[in-house]
Amino acid sequence: MPTSQHFLSVTFDLDGTLLDTIPDLAEGCRRMLAELGEPPRSEEEVRRFVGKGMAVLVERCLTHGRAPKPIRLAAAIAVFQRHYAEANGRHTRLYPGVLEGLAAWRASGLPLGVVTNKPAQFTEPLLERMGLADYFAVVVSGDTTAYKKPHPEPIFYACRQFGVAPWRNLHIGDSKNDIEAARAAGCAVFCVPYGYNEGRPVDSADCDALVSDLLAAHRRALTDLDLKHK
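Keep in mind that this is a model prediction, so the values were computed, not measured.

Draft legend 1. Fine view of the pairing of strand β1 (residues 9-12). Of the two faces of β1, both are covered, the one formed by Ser9 and Thr11 as well as the one formed by Val10 and Phe12. Where β1 and strand β4 (residues 112-115) come together, three bridges link them in parallel fashion. Each bridged residue has a counterpart across the sheet, and for Phe12 the counterpart in β4 is Val114.

Have a look at this one:
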C-alpha cells in the first residue's frame, strides 16, 4: 500500500462517508411514493437501497417482486428529483471527524476531491449548504462521466483533473462500490465503518485500512509512513 509520502491526491465518497444524507433521501422517497400512490418505504429500507445512484434507489423503492417498467421508472425518477431538490441538505448531517479530517488533509497540501454517484444537480448545492465545497478542487458526480462507481472511470477522471497518476491517489469511502472502483483504478482505498454499503458491513479484509473516521484515516497514513522509516 502507498504511504502518505506517496499519496499526491485524496478522493472521498460523499453519501455515507462525509455526510449522512439518509434523512433527506428518505424524505424524497416518501414524497415520491405518496405522489405515485405506491406503498411507503422505511428509512432503514432506503438506507439499504442507497449505493448505486439515484435511478437504482428509485427502482428499488418501486420494486415489489418485479421491477417497474421503464416508462414508470423514468416518471418516478423525475418525481423523486423534484422532491429531493426541496429536501436536499435540510436534515443531512456531517459525520464526526469529517471537518477535522478534511482540515488535516488540506493542511498536508494534497488536492482533495469528491467522487460520488449522486447527480451533479444535487451534489454541488449540498456541498455548498454543508460548508464543504471549499475543501475540494475536483467534484465528480454520478453524471460527470459515462460511468458510475464501481466502474473506475470516475476516479480516473478525478486523477486526470489533479494531474496525478491513479496509483498515487488515495480513495476513502464506505462501501463495496468504493473498494471495487479504487481497486480497478489501481489506487489505495481506506474505508469508514459507519456508512451505508447497501446494508452490509464493510469487510476490513477488502480494503487497505478500516478507519473510524477521516481524521483517523489521516493519522493512519502518517503512521504507515513513520513505520516505514523506522
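Draft legend 2. A look at the pattern of salt bridges. Evaluated as defined, the whole model comprises 16 salt bridges. Measuring nitrogen to oxygen at the nearest pair gives 3.0 Å for the salt bridge that ties Lys118 to Asp15. Remark: Asp15 occurs in the loop between β1 and β2 (19-20) and Lys118 occurs in the loop between β4 and α6 (120-129); sequence separation between them is 103 residues. Here Lys118 and Asp15 have matching classes, each one buried. A salt bridge links Arg60 to Glu198, with the shortest nitrogen-to-oxygen separation between them at 2.7 Å. On the criterion of sequence distance, the pair formed by Arg60 in helix α3 (residues 54-62) and Glu198 in the loop between β7 (188-191) and β8 (209-210) is long-range, its members being 138 residues apart. The exposure class assigned to Arg60 is partly exposed, which follows from its relative accessible area of 24%. Sharing partners across several salt bridges, the network here consists of Glu27, Arg30, Arg31 and Glu86.

Draft legend 3. Here's a closer look at the environment of Phe80. Summarising the element assignment, Phe80 is placed in helix α4 (residues 70-87). For the pair Phe80 and Gly28, spaced 52 residues apart in sequence, the C-alpha to C-alpha distance is 5.9 Å. When neighbours within four sequence positions are excluded, Phe80 is seen to be in contact with Leu25, Gly28, Cys29, Met32, Met54, Leu57 and Val58.

Rules of the game
In this convention, every chain numbers its residues from 1, walking through the sequence in written order. It should be noted that, the model being predicted, local features are given only for residues of pLDDT at least 70 and side-chain atom pairs only at 80 or more, the latter also being counted only at that level, while totals for whole chains, interfaces and linings use all residues. To obtain the side-chain values, all non-hydrogen atoms of the structure were used and water was disregarded. A simple rule labels every residue: compare its accessible area, found with a 1.4 Å probe on the protein chains alone, to the largest value its type can have, and call it buried under 20%, exposed over 50%, or partly exposed in between. Runs of E in the DSSP output that reach at least two residues are strands. Runs of H or I that reach at least four are helices, and both are numbered from the N terminus. In short, DSSP must find at least two bridges between two strands for them to pair. Salt bridges are defined as contacts in which a side-chain nitrogen from Lys or Arg sits within 4 Å of a carboxyl oxygen from Asp or Glu. Residues count as neighbours in contact if any of their non-hydrogen atoms are within 4.5 Å of one another.

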